[in-house]
Amino acid sequence: MVRIVMAQLNLWVGDVAGNTTRLIDATREAHERFAPDLVVFPELALTGYPPEDLLWRPGLRTRVEEAFERLAHEVLPVPVLFGYPEYVGKDIYNAACVIEGGRITANYRKHRLPNY
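This text gives an overview of the structure that appears in the document. Predicted, not measured: the structure shown is a model, and the values here were computed from it. (Residues numbered from 1 in each chain as written. Predicted model: local features only at pLDDT ≥ 70, side-chain atom pairs only at ≥ 80, totals over all residues. Heavy atoms only, no water.)

### Some points on the nonpolar core
In terms of nonpolar packing, the biggest core is built from 27 residues, with Phe41 and Phe82 touching the most fellow members. Every element with two or more residues in this core is listed here: helix H1 (16-34), helix H2 (58-73), strand E3 (80-88) and strand E4 (91-100). Residues contacting Phe82, with those up to four places away along its chain left out, are Leu23, Phe41, Pro42, Ala45, Leu46, Phe68, Leu71, Ala95, Ala96, Cys97 and Ile99. (Core = buried A, V, L, I, M, F, W, Y, C linked by side-chain atoms within 4.5 Å. Buried < 20%, exposed > 50% of the residue type's maximum accessible area, 1.4 Å probe, protein only. Helix = DSSP H or I, 4+ residues; strand = E, 2+ residues; numbered from the N terminus. Contact = heavy atoms within 4.5 Å.)

As structure tokens, this is what we get:
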């Protein structure tokens, strides 16, 4: 049996540092309360949804990179899956990844976006 906790949080658009803290806190709480094998967060959890034009601001890219560094250094007790904007060169993808043991173990880019 696999136990999955779906964490539906009140995430703020543009508050990457705060959303990262919420993700970490919710992961620890889920671990204590439910002992899950995986904690799943919403689409674009790091940036909040919908980030719209914020995605093209250079500062947001920097904050997302800082969030990944923080998540890599946190000792999370369980793997987490969450959505984030993935920046590759000049391209931006609506992506989701799994972080386990301080590293990305899986990554997926959303296809067929509704507005593009």
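### A few points about the packing of aromatic side chains
A full pass over the atoms with the stated rule returns three aromatic pairs. Taking the centre distance of 4.7 Å and the plane angle of 70° together, the rings of Phe68 and Tyr84 count as edge-to-face. Of this pair, Phe68 sits in helix H2 while Tyr84 is found in strand E3, placing the two residues 16 residues apart along the sequence. A centroid spacing of 6.2 Å and a plane angle of 55° characterise the contact between Phe82 and Tyr84, whose relative ring orientation is tilted. These aromatic residues form a ring-pair network of at least three members: Phe68, Phe82 and Tyr84. (Phe/Tyr/Trp six-rings, centres within 6.5 Å; stacked < 30°, edge-to-face > 60°.)

### Some words on H2
Its 16 residues place the ends of H2 23 Å apart at the C-alpha level, agreeing with the 22 Å of an ideal helix rising 1.5 Å per residue. Those residues of H2 hidden inside the fold are in contact with H1, E3, E4 and strand E5 (103-109). (Expected span 1.5 Å × (residues − 1).)

### Re the side chain of Glu86
As for its position among the elements, Glu86 is in strand E3. Given a relative accessible area of 14%, Glu86 falls into the buried group. A distance of 2.9 Å separates a polar atom in the side chain of Glu86 from a polar atom in the side chain of Arg109. Glu86 has contacts with Asp91, Ile92, Tyr93, Ala95, Asn107 and Arg109, leaving out every residue within four places of it along the chain. (Polar contact = N/O pair within 3.5 Å; in protein donor to acceptor, adjacent residues only side chain to side chain.)

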